[in-house]
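Overview (structure and organization)
Each chain, written out:
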Amino acid sequence: SLIPAIEHRLLLETLRPCNIDHYFEDFSGGRDHLANGKATRAADFIQKRGISPEKALFIGDTLHDFEVADGLGMNCLLVADGHQSEVRLKESGCEVVGSLSQVMKRLNQ
């Protein structure tokens, strides 16, 4: 599932031409471009689906993503291929990988 900071309409416009939207069961974009409400949307998502936060993995590319995951009691993996540098992300103490391909390698371990 995808819970990005990007506004929902723009998210759909971005995903469809890339032909990757079929990889996701659900996506929940924001109401604006400021990431407001991401924690609430994530909490609603896990509650509605009966997901145990401690068994889930939140993947993101910002310290805010780590804060959301931590606040929900979720494990987190940060990708240093987005909005914030690897150095800054590592300061959180969260596990950090350098690219999306490394995410896949990490998930297959």
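Above this text sits the structure in question.
Report follows, based on the coordinates. Model, not experiment: these values are computed from the prediction.

A look at the overall build of the protein chain
Counting secondary structure elements, the protein chain contains five helices and three strands. Starting at the N terminus and walking to the C terminus, you meet the elements of the protein chain as α-α-β-α-β-α-β-α. By the compact-globule yardstick of 13 Å for 109 residues, the protein chain fits well, its C-alpha radius of gyration being 14 Å. Each principal axis of the C-alpha distribution contributes one length, and for the protein chain these read about 35 × 30 × 30 Å. Counting across all 109 residues of the protein chain, residues that qualify as buried make up 33%. Pairs at least 24 residues apart make up 34% of the contacts formed inside the protein chain by residues separated by at least 6 positions. Here the protein chain has roughly 7100 Å² of accessible surface; of this, 50% comes from carbon and sulfur atoms. Taking the average location of the 12 positive side-chain charges in the protein chain and that of its 16 negative ones, the two points are 3 Å from each other.

Brief notes about the layout of surface pockets
What the largest pocket holds in volume is close to 1400 Å³. Lining the largest pocket are 38 residues; nearest its centre among them are S1, L2, I3, I59 and G60. Of all the secondary structure elements, the ones that give two or more residues to the lining of the largest pocket are α1 (8–18), α2 (38–48), β1 (57–60), α3 (63–72) and α5 (100–107). Taken together, the residues that form the lining of the largest pocket break down as 24 nonpolar, seven polar and seven charged.

Some remarks on the sheet that holds strand β2 (residues 75–79)
Reading across from one edge, β1-β2-β3 is the order of the three strands in this open sheet, with parallel pairing throughout. In the strand order of this sheet, the two ends are held by β1 and β3 (95–97), each with one partner. Here the average twist between neighbouring strands, direction ignored, is 25°. Sheet topology places β1 next to β2; four bridges connect them, and they run parallel. What sits directly across from G60, in β2, is L78. Across the face of the sheet, α5 comes into contact with β1, β2 and β3 while running at roughly 145° to β2.

Notes on the environment of S101
Mapped onto the fold, S101 is located in helix α5. Overall, S101 belongs to the partly exposed group, its relative accessible area being 46%. Along the chain, S101 and V79 lie 22 residues apart, while their C-alpha atoms are 9.9 Å from each other.

Quick look at the nonpolar core
Counting 17 residues, the largest nonpolar core has A42, F58, L72, M74, L78 and L89 as its most contacted members. Contributions of two or more residues to this core are made by α2, α3 and β2. Excluding residues within four positions of it along the chain, F58 makes contact with A42, D65, V68, A69, M74, N75, C76 and L77.

The rules behind each value
- Residues numbered from 1 in each chain as written.
- Predicted model: local features only at pLDDT ≥ 70, side-chain atom pairs only at ≥ 80, totals over all residues.
- Heavy atoms only, no water.
- Helix = DSSP H or I, 4+ residues; strand = E, 2+ residues; numbered from the N terminus.
- Rg over C-alpha atoms; globule rule 2.2 N^0.38 Å.
- Buried < 20%, exposed > 50% of the residue type's maximum accessible area, 1.4 Å probe, protein only.
- Contact = heavy atoms within 4.5 Å.
- Areas by Shrake-Rupley, 256 points an atom, 1.4 Å probe, with all protein chains shown as cover.
- Lys, Arg positive; Asp, Glu negative; His and termini not counted.
- Charge placed at Lys NZ, Arg CZ, Asp CG, Glu CD.
- 1 Å grid on protein atoms, 1.4 Å probe; cavity = no way out; pocket = protein on both sides within 12 Å on 5 of 7 lines; lining within 4 Å.
- Points joined across faces, edges and corners; volume = space filled by probe spheres on them.
- Nonpolar A, V, L, I, M, F, W, Y, C, P; charged D, E, K, R; others polar.
- Pairing = 2+ DSSP bridges.
- Axes fitted to C-alpha atoms, helices over the stretch in contact; angles between N-to-C directions.
- Core = buried A, V, L, I, M, F, W, Y, C linked by side-chain atoms within 4.5 Å.

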